[in-house]
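A look at the structure
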Amino acid sequence: MKNKLKLLLALIVSTFTISLISNTYSRYIVDAASNLEMQFSKWQILINENDITDNNSSEIVLAPVLEKNENIKANTFAPTSKGYFDILVDPTNVELSFDYTISLELLNQDMPDLLISNYSLIDSSYNENDTLTLNNIENNQIKGTLNYNTQEENYSFEPFTIRIYFEWYEGENELMNDISDTQVTNTQDNLQIKANIQFTQKI
């Protein structure tokens, strides 16, 4: 009988905070004519050190990182600004293969030059000065699979980080002019990005 576990999260990204709303649900079914004893596979995922499989819903607040720019006030967003936010995934207490999908959506209206540009996968051996590989985001989604190694005794997944980059593009192919840039900054308070994250047991 096929068993399937799913975990869903929703994130809201602003220039100052990232809120994660999570929902999790799972299902194991055992049907037998005689007594049966078996150990369930572990299914516990931590996001930024918060256990999101413990409760039906949870909220996590994170702070995005903006690149320093000598011409822009710290922790504010303007044309040419770039930044990123990290999703730290800790699946060390997961004992099965699973897929993950992150669907990204920009909530700011009338800002075609606001881009979610790339992402990087960062493993637990990463050092601050290491060069990261930038991956393209296709159809506003990031997808991946973690395969549990059943051939290795006491195998355990390693924690990893998904770093998502965003920017206010200013250049040859920009779609906003100086007037529309000014109008946006006078009418909108925050950069907002929504991310829906789904973890699903691989069947």
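Just so you know, these numbers come straight off a predicted model, no measurement behind them. (Residues numbered from 1 in each chain as written. Predicted model: local features only at pLDDT ≥ 70, side-chain atom pairs only at ≥ 80, totals over all residues. Heavy atoms only, no water.)

A look at the overall build of the protein
Heads up, the condition is: Runs of H or I in DSSP of at least four residues are treated as helices and runs of E of at least two as strands, each being numbered from the N terminus. Working definition: with a 1.4 Å probe on protein chains only, accessible area under 20% of the residue-type maximum means buried, over 50% means exposed, and in between means partly exposed. Any two residues whose heavy atoms approach within 4.5 Å are treated as being in contact.
Looking only at helices and strands, the protein has one helix and 13 strands in total. Listed by position from the N terminus, the elements making up the protein come as β-β-β-β-β-β-β-β-β-β-β-β-α-β. For the protein, buried positions account for 37% of its 203 residues. Across the protein, the fraction of contacts at a sequence separation of at least 24, relative to all contacts at a separation of at least 6, is 75%.

What to know about the packing of aromatic side chains
Here is the rule we go by: Aromatic pairs are defined between Phe, Tyr and Trp rings, using the six-membered ring for Trp, whenever the two ring centres lie within 6.5 Å; interplanar angles under 30 degrees are classed as stacked, those over 60 as edge-to-face, and all others as tilted. Comment: the charge-over-ring label is applied if NZ (Lys) or CZ (Arg) is within 6 Å of the ring centre and within 35 degrees of the ring normal.
This model, assessed by the stated rule, comprises nine aromatic pairs. Summarising the aromatic geometry, the rings of Y148 and Y155 are spaced 5.0 Å apart at their centres and angled 90° between planes, so their arrangement reads as edge-to-face. Three or more aromatic residues joined by ring pairs form one cluster here, namely F98, Y100, Y148, Y155, F157, F160 and F199. A cation over an aromatic ring shows up here: R163 above the ring of Y84, its NZ or CZ 4.1 Å from the ring centre.

Thoughts on unusual backbone geometry
In this model, N48 sits at a positive phi of 50°, which is unusual for a non-glycine residue. Within the secondary structure, N48 is located in the loop between β3 (43–47) and β4 (50–51). Residues other than glycine seldom take positive phi values, yet N154 does so here, at roughly 60°. Inspection of the secondary structure puts N154 in the loop between β11 (141–146) and β12 (160–168). Note on N154: relative accessible area 69%, which makes it exposed.

Observations concerning the pairing of strand β7 (residues 82–94)
Formally: Two strands pair if DSSP finds at least two bridges between them.
Note that β3 and β7 share four bridges and pair antiparallel. Looking at β7, one finds that Q44 is bridged to N93. Here two bridges tie strand β6 (residues 65–66) to β7, and the two strands are oriented antiparallel to one another. By the bridge assignment, L66 is partnered in β7 with G83. When β7 meets β12, the two strands line up antiparallel, connected through eight bridges. Paired with K82 across the two strands is E167, which belongs to β12.

A closer look at the confidence of the model for the protein
Interpreting fine coordinate detail is not advised for predicted regions of low pLDDT. Filter applied, for reference: pLDDT is a per-residue confidence score from the predictor, ranging from 0 to 100.
Of the residues in the protein, 64% have a pLDDT of 70 or more, and the chain-wide mean is 74. Strand β2 (residues 18–27) is the least confidently modelled element of the protein, averaging 42 in pLDDT, while strand β10 (residues 135–136) averages 96, the highest of any element. Contacts of residues 13–36 to residues separated by more than four positions or lying in other chains number 80 contacts, the stretch itself having pLDDT below 50.

A look at the layout of surface pockets
The condition is simple: Of the grid points, spaced at 1 Å and generated over the protein atoms alone, those admitting a 1.4 Å probe that cannot get out make up cavities, while open sets with protein on both sides within 12 Å along at least five of seven lines make up pockets; any residue with an atom within 4 Å of a point is treated as lining. Grid points are joined across faces, edges and corners, and a volume is the space filled by probe spheres set on the points. Three classes are used, and their members are as follows: Ala, Val, Leu, Ile, Met, Phe, Trp, Tyr, Cys and Pro are nonpolar, Asp, Glu, Lys and Arg are charged, and the others, Gly among them, are polar.
If you add up the space inside the second largest pocket, you get close to 180 Å³. Together, 14 residues line the second largest pocket, and L66, E67, K68, N69 and N75 are the ones closest to its centre. Here the residues of the lining of the second largest pocket sort into five nonpolar, five polar and four charged.

A few points about the side chain of E167
How we decide: For the charge count, each Lys or Arg is scored as positive and each Asp or Glu as negative, with His and the chain ends excluded. Salt bridge criterion: a side-chain nitrogen from Lys or Arg within 4 Å of a carboxyl oxygen from Asp or Glu.
With respect to the helices and strands, E167 occurs in strand β12. The side chain of E167 sits in the buried core without any salt bridge; K82 is the nearest counter-charge, 4.6 Å away.

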